[in-house]
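Each chain, letter by letter, is given below.
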Amino acid sequence: MSRRAILVPLLALAGVLAVLAFARPEPVACAADGADFLSQKGCKKCHFKQAKSWKKTVHAKALDCLKPGANAEAKTKAGLSVDTDYTKDPKCLKCHVTGYGQTGGYPEVKDAWNEDEQKLAKNNGGVGCESCHGAGSKYGPYKKDHEEYKRADVVALGLAVPVTADNCTGCHNKNSPTGPKPYVFDFEKMKANAEAIHAHVPLKHEH
Ligand code: HEC
Ligand code: HEC
Ligand code: HEC
Ligand code: HEC
């Protein structure tokens, strides 16, 4: 066999492996190209009703269930320890806060946070707006004027709307230790659960 005859299939195999490595689902909701996180406070000033309603949801409180003593039954059933403080465990934080370790998102765990990091932690605890809608530093400040608002423009700047299953399955997947076994995620049903997402307010204009 010629060297080329061996090399070509080898290169093809390497290519397939590289694609597979990149195609593996990431456990985090990723930022749009080059966009940073604003935190829910950055959305609240223009979307007050959604923010007020979101605050009462399990997503907003998702950091609380990592605290020692919380959700004892679910943790025991999943083989987790009830007394451990999982709010310091990056593995859990990736799915229980907004933008873990990313610019403007929840800061990486370390011995002590500085003042800025403490503020970021406060504003990005729980699964916030940008976990589902994408990091907002580009589309967030887009335009206050409703008349000029165009959906295609903000989508090009990284806003996820309509939200698809891909915006959820970065967290709602088999790596969730307390999730159903075998893992199922019924997107349409879960998305319709406004109690877990937020109350919907009709847009003021067609885009
Ligand atoms: C400066 C004000 C402003 C900020 C900040 C802002 N938005 Fe908006 N957003 C708007 C306006 C205006 C619209 C159009 C609303 C309408 O027509 O009623 C809109 C629309 C949307 C829509 C609906 C898009 C559609 O076409 O269906 C989503 C989702 C959204 N924003 C999410 C966010 C999120 C998440 C953040 C925070 C990262 C954010 N926005 C920050 C002003 C803002
Ligand atoms: C768990 C995921 C999730 C989170 C967290 C979330 N949203 Fe949404 N949002 C949705 C879904 C789903 C829709 C329905 C629209 C669609 O089909 O894409 C939506 C719709 C919207 C809309 C369009 C108008 C409306 O009320 O339906 C706005 C504006 C919006 N979200 C803003 C926000 C803001 C601001 C926050 C944070 C305070 C937030 N969202 C948090 C999933 C989420
Ligand atoms: C950043 C991670 C993350 C993303 C993204 C996310 N979720 Fe969640 N979701 C969670 C966590 C964590 C909980 C559990 C919170 C708790 O119990 O305090 C949860 C709980 C829920 C619940 C209520 C509990 C249940 O299992 O019935 C629903 C419904 C839900 N999510 C739907 C969605 C939908 C729909 C999307 C996408 C539009 C989405 N989530 C995106 C992390 C996420
Ligand atoms: C891959 C993302 C992901 C990771 C990693 C993750 N979680 Fe979660 N967690 C979720 C989601 C999504 C839910 C909602 C239940 C579901 O559908 O999986 C949830 C729900 C929970 C709940 C509430 C369960 C209930 O029914 O009361 C607890 C407690 C919890 N997680 C603890 C943890 C701990 C502790 C860790 C780390 C050891 C962890 N999670 C890691 C995604 C994750």
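Remember, predicted model here, so these are calculated numbers, not experimental data.

Conventions we followed
- Residues numbered from 1 in each chain as written.
- Chains lettered and ligands numbered in written order.
- Predicted model: local features only at pLDDT ≥ 70, side-chain atom pairs only at ≥ 80, totals over all residues.
- Heavy atoms only, no water.
- Helix = DSSP H or I, 4+ residues; strand = E, 2+ residues; numbered from the N terminus.
- Buried < 20%, exposed > 50% of the residue type's maximum accessible area, 1.4 Å probe, protein only.
- Contact = heavy atoms within 4.5 Å.
- Areas by Shrake-Rupley, 256 points an atom, 1.4 Å probe, with all protein chains shown as cover.
- Near = heavy atom within 4 Å.
- Polar contact = N/O pair within 3.5 Å; in protein donor to acceptor, adjacent residues only side chain to side chain.
- Nonpolar A, V, L, I, M, F, W, Y, C, P; charged D, E, K, R; others polar.
- Patch = residues over 30% accessible without salt bridge, like charges linked within 9 Å, V, L, I, M, F, W, Y side chains within 5 Å.
- Salt bridge = Lys/Arg side-chain N within 4 Å of Asp/Glu carboxyl O.
- Lys, Arg positive; Asp, Glu negative; His and termini not counted.
- Charge placed at Lys NZ, Arg CZ, Asp CG, Glu CD.
- Phe/Tyr/Trp six-rings, centres within 6.5 Å; stacked < 30°, edge-to-face > 60°.
- pLDDT = per-residue confidence, 0-100.

Within the chain one finds nine helices and zero strands. Counting only residues that meet the buried cut, the chain has 28% of its 207 residues in that class. In the chain, of all internal contacts separated by at least 6 residues, the share reaching a separation of at least 24 is 56%. Only carbon and sulfur atoms are counted for the fraction: they give 58% of the accessible area of the chain, which is about 14,200 Å².

What follows is about the site of ligand 3. Residues in contact with ligand 3 amount to 19 residues; listed here are only the nearest, H59, V163, C168, C171 and H172. In this structure, H172 approaches ligand 3 through a side-chain N or O atom, which is 2.8 Å from a nitrogen atom. Where the shell around ligand 3 is concerned, the elements lending two or more residues are α5 (90-96), α7 (129-133) and α9 (187-191). For the shell around ligand 3, a count of residues per class yields 12 nonpolar, six polar and one charged.

So, about the environment of A135. Positionally, A135 belongs in the loop between α7 and α8 (151-156). For A135, a relative accessible area of 0% gives the class buried. A C-alpha to C-alpha distance of 7.5 Å links A135 and L159, two positions 24 residues apart in sequence.

Bringing the site of ligand 2 into the picture now. The environment of ligand 2 is formed by 20 residues, the closest being C129, C132, H133, V163 and H198. Between ligand 2 and V201 there is a distance of 2.8 Å, counted from an oxygen atom to a backbone nitrogen or oxygen. Counting residues per element, the ones that place at least two in the shell around ligand 2 are α3 (48-54) and α7. Here the residues of the shell around ligand 2 are counted per class, giving 12 nonpolar, seven polar and one charged.

With that settled, consider a positive patch on the surface. Residues K41, K44, K55, K119 and K122 make up a contiguous surface patch of positive charge. Within the residue set of the positive patch, elements represented by two or more residues are α2 (40-44) and α6 (115-124). Inspection of the secondary structure puts K122 in helix α6.

Quick look at the packing of aromatic side chains now. As enumerated under the stated definition, the model contains two aromatic pairs in all. Considering the side-chain rings of Y106 and W113, the 5.6 Å spacing of their centres and the 85° angle between planes classify their relative orientation as edge-to-face. Among the aromatic residues, those joined into a cluster by ring pairs are Y100, Y106 and W113.

In this section: the side chain of N124. Within the secondary structure, N124 sits in helix α6. Taking relative accessible area as the criterion, N124 reaches 1% and is therefore assigned buried. In this structure the side chain of N124 is engaged in a polar contact, spanning 3.0 Å, whose partner is the backbone oxygen of G104. Among residues more than four places away in sequence, those in contact with N124 are S39, V97, T98, G104, G105 and Y106.

As a further point, take the confidence of the model for the chain. Residue-level pLDDT values for the chain average 86, and 80% of them are 70 or greater. This model gives residues 7-31 a pLDDT under 50, and the stretch forms 15 contacts once residues within four places in sequence are excluded.

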